[in-house]
Amino acid sequence: MAGLPVTLLRASLSWVARRLGRHTVDFVDEEPDTPAPRTVYVVGEDGHQWFAAFGCPCGCGETIKLSLVPGDRPGWRIRRHWDGTASLTPSVWRQVGCQSHFWLRKGRTDWC
Ligand SMILES: [Zn+2]
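Rules used throughout
- Residues numbered from 1 in each chain as written.
- Predicted model: local features only at pLDDT ≥ 70, side-chain atom pairs only at ≥ 80, totals over all residues.
- Heavy atoms only, no water.
- Core = buried A, V, L, I, M, F, W, Y, C linked by side-chain atoms within 4.5 Å.
- Buried < 20%, exposed > 50% of the residue type's maximum accessible area, 1.4 Å probe, protein only.
- Helix = DSSP H or I, 4+ residues; strand = E, 2+ residues; numbered from the N terminus.
- Donors = N, O, S within 2.8 Å, 3.2 Å for Na, K, Ca; no water.
- Tetrahedral: all angles 85-135°; square planar, octahedral: opposite > 155°, others 65-115°.
- Salt bridge = Lys/Arg side-chain N within 4 Å of Asp/Glu carboxyl O.
- Contact = heavy atoms within 4.5 Å.
- Phe/Tyr/Trp six-rings, centres within 6.5 Å; stacked < 30°, edge-to-face > 60°.

> An account of the nonpolar core is needed here, citing residue identities and associated values.
Val-40, Phe-54, Ile-64, Leu-66, Ile-78, Leu-88 and Val-92 are the most contacted members of the largest nonpolar core, which totals 16 residues. If you list the elements that add at least two residues to this core, you get strand 2 (39-45), strand 3 (48-55), strand 4 (63-67), strand 6 (86-89) and strand 8 (101-105).

Quick look at the structure:
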């Protein structure tokens, strides 16, 4: 049986999620200078996750950076779902600039 390779299937699902305006996860070893919209970059190396970086969903143009190092305070955990979408725990509350407060759940921004 010639099935669709899993990697291709996942890439397609991630594309669909993106088209729906969801945030998707991209694992990188260096943060890009200009983050693509609705892409949560997980920066790390050798299986370690250091931080997540993504453009603020409010549209203010700021890049939000969150520590993913276990034990860091404040620190976050990120989950990449089967369709490539991102969930962050706990919520994000910017103390500077736009003061945005939101949850990122399965790629969707839930404003507080
Ligand atoms: Zn903002």
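> Explain the coordination of the zinc ion residue by residue, including any values.
Summarising the metal site, the zinc ion is bound by the protein donors Cys-56 (SG), Cys-58 (SG), Cys-60 (SG) and Cys-98 (SG), whose distances to it range over 2.2 to 2.3 Å. Coordination at the zinc ion comes from four donor atoms whose angles at the metal span 105 to 111 degrees, giving a geometry best classed as tetrahedral. Each donor residue of the zinc ion lies on one chain, and together they are spaced C-x1-C-x1-C-x37-C.

> Kindly report on the pattern of salt bridges, identifying the contributing residues and their values.
For the structure shown, the criterion picks out three salt bridges. Of the charged contacts in the structure, one is a salt bridge between Lys-65 and Glu-31, with a shortest N-O distance of 2.9 Å. In this pair, Lys-65 sits in strand 4 while Glu-31 sits in the loop between strand 1 (24-28) and strand 2, placing the two residues 34 residues apart along the sequence. We classify Glu-31 as partly exposed; its relative accessible area is 25%. With a shortest N-O distance of 2.9 Å, Arg-105 and Asp-110 are connected by a salt bridge.

> An account of the side chain of Arg-94 is requested, with residue identities and associated values reported.
Relative to the elements of secondary structure, Arg-94 occurs in the loop between strand 7 (92-93) and strand 8. The exposure class of Arg-94 is buried, given its relative accessible area of 10%. Contacts of Arg-94, omitting those with residues within four sequence positions, involve Cys-56, Cys-60, Glu-62, Ile-64, Gln-99 and Ser-100.

> Could you give an account of the packing of aromatic side chains, with specific residues and numbers?
This structure, assessed with the given rule, holds two aromatic pairs. For the pair Phe-54 and Phe-102, a centre-to-centre distance of 6.4 Å together with 85 degrees between the ring planes defines the contact as edge-to-face. Of this pair, Phe-54 sits in strand 3 while Phe-102 sits in strand 8, and the two are 48 residues apart along the sequence. On the accessibility criterion, Phe-54 (1% relative accessible area) is buried. One aromatic cluster in this structure is built from Phe-54, Phe-102 and Trp-111.

> For unusual backbone geometry, give the residues involved together with the corresponding values.
Cis geometry is adopted by the peptide bond preceding Pro-74, which originates at Arg-73 and carries an omega value of -5 degrees. For Pro-74, the location among the structural elements is in the loop between strand 4 and strand 5 (77-80). In the segment running from Thr-89 into Pro-90, the intervening peptide bond is cis, with an omega of -10 degrees. With respect to the helices, strands and loops of the structure, Pro-90 is situated in the loop between strand 6 and strand 7. Here the phi dihedral of Asp-46 falls at roughly 50 degrees; this positive angle occurs in a residue that is not glycine. When you line up the elements, Asp-46 lands in the loop between strand 2 and strand 3. Asp-46 sits in the exposed class, given a relative accessible area of 73%. The phi torsion at Gln-99 lies on the positive side, around 60 degrees, for a residue other than glycine.

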